[in-house]
Amino acid sequence: MSKPSGRPQTRYVCQSCGESFLRWEGQCRACSAWNSLVETQVRTPRAARVGSAPRAGSAGGAAAPITLADVGEPDQPRLAVGIGELDRVLGGGLVPGSLVLVGGEPGIGKSTLLLQVAAGIAARSGPLSVLYATGEESAAQLRLRADRLGLLSGPAAGIRILAESAIDRIAEIALAEPPVLLVVDSVQTATIDDLDGPAGSVGQVRGAALRLMELAKPEGIAVVLVGHVTKDGSIAGPKTLEHLVDAVLTLEGERYAAIRLLRASKNRFGSTEEVGVFEMGDAGLSEVADPARAFLAEHEGPAPGSVIAPTLEGSRPLLVEVQALVAPGPGGTPRRTASGVDPNRVALLVAVLARRAGIGLASHDIYVNLAGGLSVDEPGLDLPLALALASSLRDRPIRPGTVAIGEVGLLGELRSVAGVERRLREAARLGFDRAIVPRPARSGAPASVPGLEIVAVGSLREAIDVAFAGSRAASGGAASGDVPGGQAVAAGSARC
Ligand code: TYD
Ligand code: MG
């Protein structure tokens, strides 16, 4: 450890991964990024600088060990926001003194959601209980949004707006009259005085988050930080921010579609299993009445290349439409585009389809998409993906009313996924009448759901046969929307 000197110390912080070095180098030794090191002043932690007397057990006080038995039960009162889907993701509401990062692509609706959160808190905790610091937009722009959300009257009108990006100034105002909720929109525009480097650089982002944490904990203020997501899907300064904050929520969806999904990828005060489903409308984000069907695309009758998958997001079943388009390539390297699913998984399925099910796609251009802008990262999506690819290649829809779920192995065998019965019950509730699922492992009993014919298959080849049994060719517009309910399915009857 070097001795403190009169001169401020500096480090070279990589703007890409957040690692810091003593000397400047052209390439970051941690992440190999070029020209990413920026000289940044180092600050000693200032837990004691901000705030009044620290609370017992909180950051800032000299910690003394206590026995496990003496540790009191957490009596964190929750600040219910009053937006059910959000409270659900937070695990019951915001925790006073916690720092929450809300990430998402620009334009996805973060500021809208947070203004609604601010209104929810103001309605419960009284006007002046919210301080909304906006570094991105002017107070007038915020007013316009509030007008659109119908928040210019009632308790929400008392929300304090601060058009400021200097965190020291924000902290000063928050300390003068501590709010219940402090929103900082966004961390990329936030700056702190004693750090060099432009707003949005890793040093500034980390410094701002640290200072806000020092403000949140001793004062018991719930602080929500907005963070834009970079192209590669990570929040700027991910390594430095995600471990600092108490919860990371991400708002996902397609900017030009209405449905938004709110997930917790980290939550110190609740589960990361829950997802919230919203719809962006003319008056902001509203909760979706029937989330399970929110991601089903609307089209008349069955379409080739479309397969419905009963996925499970945390504990919530969501039915998702997997769409594939396969077209003969112009020669050369075929195009492969996947959105919402892992492209490596698609490549693997293309290989398995060719080798294990006789469906050759090697020279075809392939486009895969999940309807509604959802991203799903679960192996159970393999089977619906493979069926959608086969269906598009044959230009033939799979039998209407069918859902499919299951993991595909390299040998073309199918493996079961968790929570099959819960998924299938939801599918039956939404009117599907047939499910193609992997045959359960040796001892497991097959799932049984009233109103749903469950076809358990062992291999991808078998699944393809079952999926197309009873379907009609799409050519000539023959595909109809009728659902042949309760019909027995003969496996292995259809083959193109
Ligand atoms: P915004 O909250 O500004 O996004 P972010 O803070 O994540 O960048 O939301 C931007 C989009 O939401 C914008 O394109 C307009 C749309 N929007 C609505 O559709 N309805 C509304 O009521 C509001 C306030 C915004
Ligand atoms: Mg915004």
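See the structure shown above.
Note that this is a predicted model, so its numbers are computed, not measured.

Undergrad: I keep staring at the sheet that holds strand β11 (residues 275–281) and nothing clicks. Help me out?
TA: Adjacent strands of a sheet pair through backbone hydrogen bonds, lying either parallel or antiparallel. Judged by pairing direction, the sheet is mixed, and its nine strands sit side by side in the order β6-β5-β7-β8-β4-β9-β10-β11-β12 without closing on themselves. At either end of the open sheet lies a strand with only one pairing partner, and these are β6 (160–162) and β12 (284–287). Taken pair by pair, the neighbouring strands of this sheet meet at an average axis angle of 25°, ignoring direction. Relative to β11, strand β10 (residues 259–267) runs antiparallel, the two being bridged by five bridges.

Undergrad: Is there a simple way to think about the packing of helix α7 (residues 343–357) against helix α10 (residues 460–468) in this case?
TA: Relative orientation and spacing of two packed helices are given, respectively, by the angle between their axes and the distance between those axes. α10 packs onto α7 with a crossing angle of 90° between their chain directions and a minimal axis gap of 9 Å. By the angle class used here, α7 and α10 are roughly perpendicular. In this structure, α7 contributes V352, L353, R356 and A357 to the contact, and α10 contributes L460, R461 and I464. Across the contact of α7 with α10, the residue classes tally to five nonpolar, no polar and two charged.

Undergrad: How should I be thinking about the side chain of H364 in this particular structure?
TA: Mapped onto the elements of the fold, H364 is located in strand β16 (residues 364–370). H364 has contacts with V326, A327, P328, G329, P334, R335, R336 and L393, leaving out every residue within four places of it along the chain.

Undergrad: Before we go on, may I ask you to explain the packing of aromatic side chains in this structure?
TA: Two measures describe an aromatic ring pair: the distance that separates the ring centres and the angle between the ring planes. Under the criterion given, the structure shown has zero aromatic pairs. Sitting above the plane of the F468 ring, R394 keeps its charged end 4.7 Å from the centroid.

Undergrad: Just checking my understanding: could you explain helix α5 (residues 202–219) for this structure?
TA: In an α-helix, one turn spans 3.6 residues, which is why side chains three or four residues apart end up on the same side. The end-to-end C-alpha separation of α5 is 26 Å, in line with the 26 Å expected for 18 residues at 1.5 Å each. With 15 of 18 residues buried, α5 is to be regarded as a mostly interior element. Positioned one or two residues after α5, G220 has a phi angle of 70°, which is positive.

Undergrad: Sorry, what's going on with the sheet that holds strand β1 (residues 10–14) here?
TA: Strand order in the open sheet formed by three strands is β2-β1-β3, and the pairing between neighbours is antiparallel. Sheet topology places β2 (20–21) and β3 (37–41) at the edges, where each strand pairs with a single neighbour. Of the pairings in the sheet, the one linking β1 to β2 comprises two bridges and is antiparallel in character. In the strand pairing of β2, Y12 is matched with F21.

Scoring rules and cut-offs
- Residues numbered from 1 in each chain as written.
- Chains lettered and ligands numbered in written order.
- Predicted model: local features only at pLDDT ≥ 70, side-chain atom pairs only at ≥ 80, totals over all residues.
- Heavy atoms only, no water.
- Pairing = 2+ DSSP bridges.
- Helix = DSSP H or I, 4+ residues; strand = E, 2+ residues; numbered from the N terminus.
- Axes fitted to C-alpha atoms, helices over the stretch in contact; angles between N-to-C directions.
- Parallel < 35°, antiparallel > 145°, perpendicular 65-115°, else oblique.
- Contact = heavy atoms within 4.5 Å.
- Nonpolar A, V, L, I, M, F, W, Y, C, P; charged D, E, K, R; others polar.
- Phe/Tyr/Trp six-rings, centres within 6.5 Å; stacked < 30°, edge-to-face > 60°.
- Lys NZ or Arg CZ within 6 Å of the ring centre and 35° of its normal.
- Expected span 1.5 Å × (residues − 1).
- Buried < 20%, exposed > 50% of the residue type's maximum accessible area, 1.4 Å probe, protein only.

Nothing here speaks to function; it is geometry throughout.
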